[in-house]
Amino acid sequence: FGFRSRFAAMRVFVNNVDTYVGNALCADLRRMSPDIDNKIFGTVKGKISRGKIPPSVKRIVARTVPKTVVKTVASCRLITYDLHDADLEEVEFVLKALKLTDIEQPTTLVLISSVMVWANTRKDYEEKPKGEDEEEEEEDEENPKPKVLWPKVLTDNDFHRRTPSAKFDAWKTLETLCLSLNSKNNLSAYVVCAGVLYGSGEHVLHDMFKAAWLSQQSHRIIGPGNNYIPMVHVRDVARLVKHLAEDTFPECPEYLMCVDHSSTTQAEVVQGIVNHVCDPYTVQQIAPAEAITAEDVDVLTLDLRFQPSECIYQPEMDAEIAEDMPTPLFTWWSKNGLLTNMDDVASEFCRWRNLRPIRTLLCGPPASGKSFLSGKVAECFNVPHITVKGVVEEYMADFHMWQDVEGELKGGQYEITKEFKESLEEAPPPARLDSKWLSAFFQHKLSSNVCKYRGFVLDGYPRTYADAEALFMQKIPTDGEDEEDEVQKELNSAICPEHIVVLQCQDALCVQRIHAMAEDEVAGTHDNEEGFKRRNQAYSQANLIEDGSPVLWTFFEERQIPVCKLQSTGTRDDANAGSSEFNAIRIHIEREGRPYNYLKSDREFNAHQEVVAKSAEDEADAKARAEEEEALRLQEAARQAREEEERARLKQIAESERELLEAQSAPLRSYLMQYVVPTLTNGLVEVCKVMPDDPIDYLAEYLFAHAQEVPTGEV
């Protein structure tokens, strides 16, 4: 075909332009030269597109009328079909239709397939060469290390050997059908066998990147993880298609292997994503049987190695040799693989998914509502809420990990840690750390992966203009080290907040909020009247004195960073406390558009807030009921105690009365025993002997008759 496509616009057909690969193809195929745009036609996946349709697409072809699709395809000079998101029956129909159609102009057909078509290909293994680090180690003759094997490299010349799994049998059939079209006039058909795709928002690796971005420790390595996964950046696939369309490869095979130059294992891929996008942790291994229901298990357990096709396989060479090459070199997007280009791939993922770090600073006088609003903003935008207490506690908790590390920590962290350790040895840690240490601790925290990709909400620091300079300015690296030269500094935009909110609040209202706090909230904090006076005085001296000296937010205004100043109103007892301020902060943060960031929609967020409010209300009601029940229990216990005390008192009174009665009745008993009982006893005996008809009357007469027998003077 010569170099026909370099000099004129080309009609291009892309199947499913709204898919992952379709977007990449449109990005590379939209023009063949800087000043000539191609005309791209294409279909969308499903009846209604749910993906992004690139603006370079001239017209969407409805697939409801198959003849219209075939007619449009036959009119294009470049036809691309990607099997990853295609309707295989439709692809088969179009290929068979092309076989029966007369092609009137030179046309290129590219079918994008996958290395999964090779999944069950018989593999040979060879000993893996030792790396540079391993070669330095001496072999132990008595206990030699076991040999490490890896699959032998396969090339596009082996494509007749390829054996797919049952899931990809239809793919192999379509590959064969596509290659059979090379017998037609004016038609050049190619199969591009792509490695596992990555980059540009991700496809197979999306869930891994998403979980890492959200700091969800849900990653798993299936099996030992030492299987090799052939990979390629999706834009390299698109570039290869573009080169095929331009016919820049004079001797190009019909079946091309499109994989990058890396040899990466599953464990390296998963652990690499975790280490780069979120706070690193050791990924857990699971048995293959445990992952049987997971998506893309067959992709992640693939164990193959490929060499790219000769037309794109370019070993390292001198620039002069490359310049003298007759064939234009293929320009790789990610030649050395995912791990080597992880920074770029992670940035692409964020850009394509509209994931933007929300870096926010809330400042204001004490008790102005900073912490309350910071918590709400952090929850709304799913970012860490960073406080002075939290940063210091986290740093001190990890202190044992830092102190023995020699010069491996980025940003001079080792020197800072060593100096801080020496200061602790001289004296115990002060109640309030110096700004020097706080700046170092915050720089370390804000440089973490979580803050880098998701952002943060700073609450309580920096407090002054000097704090902001120490935290957000960095030295400009220079070649010379002349101590006499003034140190030049620049803004560290990677950690500097982009959304500044200054809360303004009257002192009386701040004091009222302090007094309204519960005792358990105040305990162990500076949130008391004395602490408020001290902190408010320091804040006023740094930021409210009108003597022309720069204040905290001046630092950001000087650098054209917008500052939002809000009047904080309302008390803790208000039902809608902080709602107006929170809405104003949201508007300020979203002034350039709302990021995707896997955030809840307004409806979901409001529903969530209602659930949280109801949960808090239910919790408060339960607490009130528990307090009421406890009060009733205490009242009942007090009543029972009083009753028991009353019973004990009455018992004691009765005992005292009995003792008194006994004491008072002692003389009467003695008299009766001496003068009455003997005569009464004799009378009763006499009654028993006589047995009168009226014993009572008889006994009375007896006692009356003998009453005078008592000795005189004894009564």
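What you are looking at is a predicted structure, and each value in this text was computed from that prediction instead of being measured. (Residues numbered from 1 in each chain as written. Predicted model: local features only at pLDDT ≥ 70, side-chain atom pairs only at ≥ 80, totals over all residues. Heavy atoms only, no water.)

Undergrad: What is the right way to read the sheet that holds strand E6 (residues 78–82) from this model?
TA: Where strands meet in a sheet, backbone hydrogen bonds hold them as pairs that are either parallel or antiparallel. Pairing in this open sheet of seven strands is parallel, and the strands run E5-E4-E1-E6-E7-E11-E15 from one edge to the other. Strand pairing shows two members of the sheet lacking a second neighbour, strand E5 (57–60) and strand E15 (255–258), which therefore form its edges. Adjacent strand axes in the sheet meet at a mean angle of 20° when their direction is disregarded. Here four bridges tie strand E11 (residues 187–194) to E15, and the two strands are oriented parallel to one another. For Cys 193, the partnering residue across the bridge sits in E15 and is Met 257. In this fold helix H5 (residues 169–179) packs onto strand E7 (107–114), E11 and E15, with an angle of close to 160° to the strand it touches most, E7. (Pairing = 2+ DSSP bridges. Helix = DSSP H or I, 4+ residues; strand = E, 2+ residues; numbered from the N terminus. Axes fitted to C-alpha atoms, helices over the stretch in contact; angles between N-to-C directions. Contact = heavy atoms within 4.5 Å.)

Undergrad: Any chance you could explain the pattern of salt bridges here in plain terms?
TA: Charged atoms that come close allow side chains of opposite charge to pair. Scanning the entire structure with this criterion turns up 24 salt bridges. Arg 239 is the salt-bridge partner of Asp 28, the closest N and O atoms lying 3.8 Å from each other. Remark: Arg 239 occurs in helix H7 (residues 234–246) and Asp 28 occurs in helix H1 (residues 20–29); sequence separation between them is 211 residues. One salt bridge connects Glu 126 with Arg 305, and the closest N-O pair in it is separated by 3.9 Å. Separated by 179 residues along the polypeptide, Glu 126 in strand E8 (residues 125–127) and Arg 305 in strand E17 (residues 305–306) bring together distant segments of the chain. Through salt bridges that share partners, Asp 28, Arg 235 and Arg 239 make up one connected network. (Salt bridge = Lys/Arg side-chain N within 4 Å of Asp/Glu carboxyl O.)

Undergrad: Explain helix H8 (residues 266–277) here, please?
TA: One full turn of an α-helix is made of 3.6 residues, so residues set three or four places apart face in the same direction. Spanning 12 residues, H8 covers 17 Å between terminal C-alpha atoms, matching the ideal 16 Å at 1.5 Å per step. Burial in H8 covers these residues: Gln 266, Val 269, Val 270, Gly 272, Ile 273, Val 274, His 276 and Val 277. Close packing links the buried residues of H8 with helix H6 (206–213), strand E13 (220–222), strand E14 (231–233), helix H9 (297–300), helix H11 (342–352) and helix H17 (449–453). (Expected span 1.5 Å × (residues − 1). Buried < 20%, exposed > 50% of the residue type's maximum accessible area, 1.4 Å probe, protein only.)

Undergrad: Mind showing me how you'd approach the pairing of E7 here?
TA: Every other side chain in a regular strand lies on the same face of the sheet, so the side chains alternate between the two faces. Most of E7 sits out of view: eight of its eight residues are buried. Side chains Thr 107, Leu 109, Leu 111 and Ser 113 of E7 all project onto a buried face; the interleaved residues Thr 108, Val 110, Ile 112 and Ser 114 project onto the opposite face, where all are buried too. Pairing geometry for E6 and E7, over five bridges, is parallel. Looking across to E7, one finds that Thr 80 is bridged to Val 110.

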